[in-house]
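Close look at the chain arrangement
In case you want the letters, here they are:
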Amino acid sequence: MVCEDHEVVAEFNIVQLGKHYSSDQLPPRMRDELAIATYAIKKVKGINVLVTGMSIHMKAKIIQDILKAIEYAHLSLMDIGISRIISSIHIDERYDKSQAVEER
């Protein structure tokens with residue numbers, strides 16, 4: 001039995017490493033880079049996003065939107081010169097009942 005309100009919930013952690021700065025350049029705070037990744041995720045239509053101190057939670061109707069959001073986050077960091085990006089993703093896809101991001 002598939003629930004009519006079927007949704008995919010994901011927890012996403014991203015760590016950016018490897019950007020080198022010249023001696024006259026100050027590195028941005030890590031949260032500035034995470035804000036860039038979060039902004040990129042929010043560009044995907046149909047994604048609900050909840051940012052917490054530990055991770056980014058996302059909810060969408062289809063798993064492809066979750067994966068597209070993760071790709072956008074990676075690309076946004078690559079575009080600003082991050083040379084290594086490490087992600088951890090947990091995806092919860094239930095077919096028996098609806099779930100809210102806040103319930104995770």
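What you see is a predicted model; the values in this text were computed from it and never measured.

A word on helix α2 (residues 63-79). An ideal rise of 1.5 Å per residue puts 24 Å on 17 residues; α2 measures up with 24 Å between its terminal C-alpha atoms. Residues of α2 that are buried include every one of D65, I66, A69, I70, A73, S76 and L77, and no others. Around the axis of α2, the buried residues are gathered within 145 degrees of arc, so they sit on the same side. Following α2 by one or two positions, G81 has its phi on the positive side, about 100 degrees.

Attention now goes to a nonpolar patch on the surface. Judged by side-chain polarity, V15, L17 and I86 come together as a nonpolar surface patch covering roughly 210 Å² of accessible area. Relative to the elements of secondary structure, I86 occurs in strand β4 (residues 84-93). Given a relative accessible area of 37%, I86 falls into the partly exposed group.

Turning our eyes to something else, we now look at the pattern of salt bridges. Throughout the structure, instances matching the rule amount to 2 salt bridges. Taking the shortest distance from any N to any O, the salt bridge between E7 and K59 comes out at 3.6 Å. With E7 in the segment before β1 (8-17) and K59 in strand β3 (residues 56-60), the pair connects residues that are 52 residues apart, well separated along the chain. Comparing E7 with K59, the two get one shared label, buried.

Here we take up the nonpolar core. The biggest cluster of nonpolar side chains holds 17 residues, and the ones touching the most others in it are F12, I41, I47, M58, I66, A69 and A73. Those elements that provide at least two residues to this core are β1, α1 (30-41), β3 and α2. At 5 residues, α2 tops the list of elements feeding residues into this core.

One key point about sheets: their strands pair by backbone hydrogen bonds, in either a parallel or an antiparallel sense. Taken in spatial order, the 4 strands of this open sheet run β2-β3-β1-β4, and their pairing is antiparallel. At either margin of the open sheet sits one strand with a lone partner, and together these are β2 (48-51) and β4. Between one strand axis and the next, the sheet turns through 20 degrees on average, direction left out of account. As judged from the 10 bridges shared by β1 and β4, these two strands associate in the antiparallel manner.

Definitions and cut-offs
Residues numbered from 1 in each chain as written. Predicted model: local features only at pLDDT ≥ 70, side-chain atom pairs only at ≥ 80, totals over all residues. Heavy atoms only, no water. Helix = DSSP H or I, 4+ residues; strand = E, 2+ residues; numbered from the N terminus. Expected span 1.5 Å × (residues − 1). Buried < 20%, exposed > 50% of the residue type's maximum accessible area, 1.4 Å probe, protein only. Arc of directions from axis to C-beta. Patch = residues over 30% accessible without salt bridge, like charges linked within 9 Å, V, L, I, M, F, W, Y side chains within 5 Å. Areas by Shrake-Rupley, 256 points an atom, 1.4 Å probe, with all protein chains shown as cover. Salt bridge = Lys/Arg side-chain N within 4 Å of Asp/Glu carboxyl O. Core = buried A, V, L, I, M, F, W, Y, C linked by side-chain atoms within 4.5 Å. Pairing = 2+ DSSP bridges. Axes fitted to C-alpha atoms, helices over the stretch in contact; angles between N-to-C directions.

Nothing here speaks to function; it is all geometry.
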